[in-house]
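# Remarks on the overall topology
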Amino acid sequence: MDSDKFDHPALLSTRELEILDLVVTGLSNLKIAQQLDISKRTVDNHISNILNKTKTSNRVELVRWALQWGKVCINDVNCCPLPDHSQPKDSNEMVS
């Protein structure tokens, strides 16, 4: 496998990151749809977009990409906090 394939970041939406996190847990598209209360077709579309943005061709490569770029956390390893958009941000808050 070509390691250069994973040498680029990708900008993913909050929803795409949420779906990516569920993909990493091993859920099928149908289970993701049920958990998020959206259609399976919407999940299919999101995953297709995520694969295109990350230039990965399957879920295994996607999980590898997500781990490399710190987009997911598995068993408290490689953890990164995702932004919480449900609360208003303080305009003086520092963002890393």
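Structure shown above.
Here the structure is a predicted model, which is why all the values come from computation and not from measurement. (Residues numbered from 1 in each chain as written. Predicted model: local features only at pLDDT ≥ 70, side-chain atom pairs only at ≥ 80, totals over all residues. Heavy atoms only, no water.)

## With respect to the pattern of salt bridges
For the record, the criterion: A carboxyl oxygen of Asp or Glu within 4 Å of a side-chain nitrogen of Lys or Arg is what we treat as a salt bridge. A run of H or I in DSSP counts as a helix once it spans at least four residues, and a run of E counts as a strand once it spans at least two, with each numbered from the N terminus. Relative accessible area decides the class of each residue, using a 1.4 Å probe on protein chains only: under 20% of the type maximum gives buried, over 50% gives exposed, and in between gives partly exposed.
Taken as a whole and judged by the stated rule, the model has 3 salt bridges. The salt bridge involving Arg15 is made with Glu18; its shortest N-O contact spans 2.9 Å. Residue Arg15 and its partner Glu18 are both found in helix 1 (residues 14–24); the two are separated by 3 residues, about one turn of the helix. Using a relative accessible area of 30% as the deciding quantity, one classes Arg15 as partly exposed. Of the charged contacts, one joins Asp44 and Lys40 as a salt bridge, the two residues approaching to 2.9 Å between their closest N and O atoms. Highlighted residues: Asp44 and Lys40, both in helix 3 (residues 40–54), separated by 4 residues, approximately one helical turn. Using a relative accessible area of 28% as the deciding quantity, one classes Asp44 as partly exposed.

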